[in-house]
Amino acid sequence: HTGIDLKGVTLRYTAKGQVVEAVRDVNMDITPGEFVAIVGPSGCGKSTLLKLISGLMPAATGTATVGGQAPRPSGQVGLAFQNPSLLLWRTVLQNVLLPLEVSPKHKAAYRRDPAPYMERAKRMLGAVGLGDFMHKHPWELSGGMQQRANLVRALIHQPEILLLDEPFGALDAFTREELWLALQALWMGAKPTVILVTHDLREAVLLADTVYVMTPRPGRIDVQRHIDLPRP
Ligand code: ADP
Ligand code: ADP
């Protein structure tokens, strides 16, 4: 399991000669296997922080480490965003197997013998209530079901870190609560370190061990709150 450590991190974009400071002086110390939520208003830099951690953007100032090393794009991170980007011409099962076809760690083993991976995929799809839908195509599924498949796909290669950017944003309240349970069921399996970005404080409190609150742009983390509520 992999921890994440940010010290005095500032993140900037340069667009059309203008420098935009998106994140200012953020400190976070996330222990391996911790489930963290980051809440804050739109535009405060939550997604930008995930870009740093997934190795897609350098820190302008400060230091960032993931598993003791500088962040870099790698197979140890699983990603899921608000819009499930499932391939329409593939079945649900074929979609969730996709990361295994490109993962440096798994692709050779997967090509040699896909059976154990198929078993894992089927088990995880079963765990989120998609057992009867694995051979359907994404366009035959509801939005909530697609989002569940999206979560399974983010976890299929057993990443050490799972980054979730508003994964339940576009869903109705009922579907959203169902998905919270699905996410917990998946997370309990391998317990990756999770960072969930959301603007739903209730969601954050219910799911996460630790909730970080960001200020409006440039986002700073002012309050760090450890909440000891039982998980639902
Ligand atoms: P959040 O995820 O909290 O809504 P973002 O991380 O998407 O916030 O954005 C933080 C700030 O950075 C915003 O002011 C946004 O306009 C700006 N920003 C985001 N992406 C870019 C980009 N590619 N180029 C320039 N500015 C950007
Ligand atoms: P291994 O191949 O290392 O023996 P398994 O695939 O048998 O591991 O998985 C062990 C348990 O963990 C199973 O109950 C499975 O449902 C669960 N699991 C497997 N992969 C994941 C994952 N990526 N995320 C969450 N749970 C998982």
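Naming follows an unreviewed UniProt entry, where the protein chain appears as ABC transporter ATP-binding protein of Deinococcus antarcticus.

A.B. asks: Mind showing me how you'd approach the pattern of salt bridges here?
C.D. replies: Opposite charge on two side chains permits pairing when their charged atoms draw close. Counted under the stated rule, the structure contains nine salt bridges. Its salt-bridge partner being Arg 24, residue Glu 21 comes within 2.6 Å of it at the nearest N-O pair. The class for Arg 24 is partly exposed, based on a relative accessible area of 38%. We note a salt bridge from Arg 220 to Asp 25, for which the minimum N-O separation is 3.8 Å. Residue Arg 220 is located in the loop between strand S8 (210-214) and strand S9 (221-226), and its partner Asp 25 is located in strand S2 (residues 18-30); the two are separated by 195 residues in the primary sequence. Residue classification places Arg 220 among the partly exposed residues on the basis of a relative accessible area of 33%.

A.B. asks: What is the right way to look at helix H2 (residues 92-102) in this model?
C.D. replies: Helical periodicity: at 3.6 residues per turn, an α-helix aligns residues three or four positions apart in one direction. Of the positions making up H2, those classed as buried are Val 92, Leu 93, Asn 95, Val 96, Leu 97, Pro 99 and Leu 100. Those residues of H2 hidden inside the fold are in contact with helix H3 (107-112), helix H4 (115-127) and helix H5 (143-155).

A.B. asks: Honestly, the site of ligand 2 in this entry has me stumped. Any pointers?
C.D. replies: Taken together, the residues surrounding ligand 2 are Arg 120, Arg 123, Met 124, Leu 155, Gln 158, Leu 186, Gly 189 and Ala 190. For ligand 2, an oxygen atom lies 2.9 Å from a polar atom in the side chain of Arg 123. Residue Gln 158 places a side-chain N or O atom 3.1 Å away from a nitrogen atom belonging to ligand 2. Alone, ligand 2 offers 550 Å² of accessible surface; in the complex the protein occludes 57% of this. Among the elements of the structure, H4 and helix H6 (173-190) are those that each provide at least two residues to the shell around ligand 2.

A.B. asks: Explain the nonpolar core to me, please; I cannot follow it from the model alone.
C.D. replies: Proteins that are soluble and globular tend to have nonpolar side chains buried together. Phe 35, Leu 125, Leu 151, Leu 164, Phe 168 and Leu 183 are the most contacted members of the largest nonpolar core, which has 42 residues in total. When contributions to this core are tallied by element, the ones reaching two or more residues are strand S3 (35-39), H2, H4, H5, strand S6 (161-165), H6, strand S7 (193-198) and helix H7 (201-207). Discounting residues that sit within four places of it in the chain, Leu 151 has contacts with Ala 80, Leu 164, Phe 168, Leu 179, Leu 183 and Leu 186.

A.B. asks: Would you mind showing me how to read the side chain of Glu 34 here?
C.D. replies: By the element assignment, Glu 34 lies in the loop between S2 and S3. You can call Glu 34 buried: its relative accessible area is 9%. Side-chain polar atoms of Glu 34 contact the backbone nitrogen of Thr 31, separated by 2.8 Å. Once you skip the residues sitting within four places of it in the chain, Glu 34 turns out to touch Asp 29, Pro 192, Thr 193, Val 194, Asp 209 and Thr 210.

How each quantity is defined
Residues numbered from 1 in each chain as written. Chains lettered and ligands numbered in written order. Predicted model: local features only at pLDDT ≥ 70, side-chain atom pairs only at ≥ 80, totals over all residues. Heavy atoms only, no water. Salt bridge = Lys/Arg side-chain N within 4 Å of Asp/Glu carboxyl O. Buried < 20%, exposed > 50% of the residue type's maximum accessible area, 1.4 Å probe, protein only. Helix = DSSP H or I, 4+ residues; strand = E, 2+ residues; numbered from the N terminus. Contact = heavy atoms within 4.5 Å. Near = heavy atom within 4 Å. Polar contact = N/O pair within 3.5 Å; in protein donor to acceptor, adjacent residues only side chain to side chain. Areas by Shrake-Rupley, 256 points an atom, 1.4 Å probe, with all protein chains shown as cover. Core = buried A, V, L, I, M, F, W, Y, C linked by side-chain atoms within 4.5 Å.

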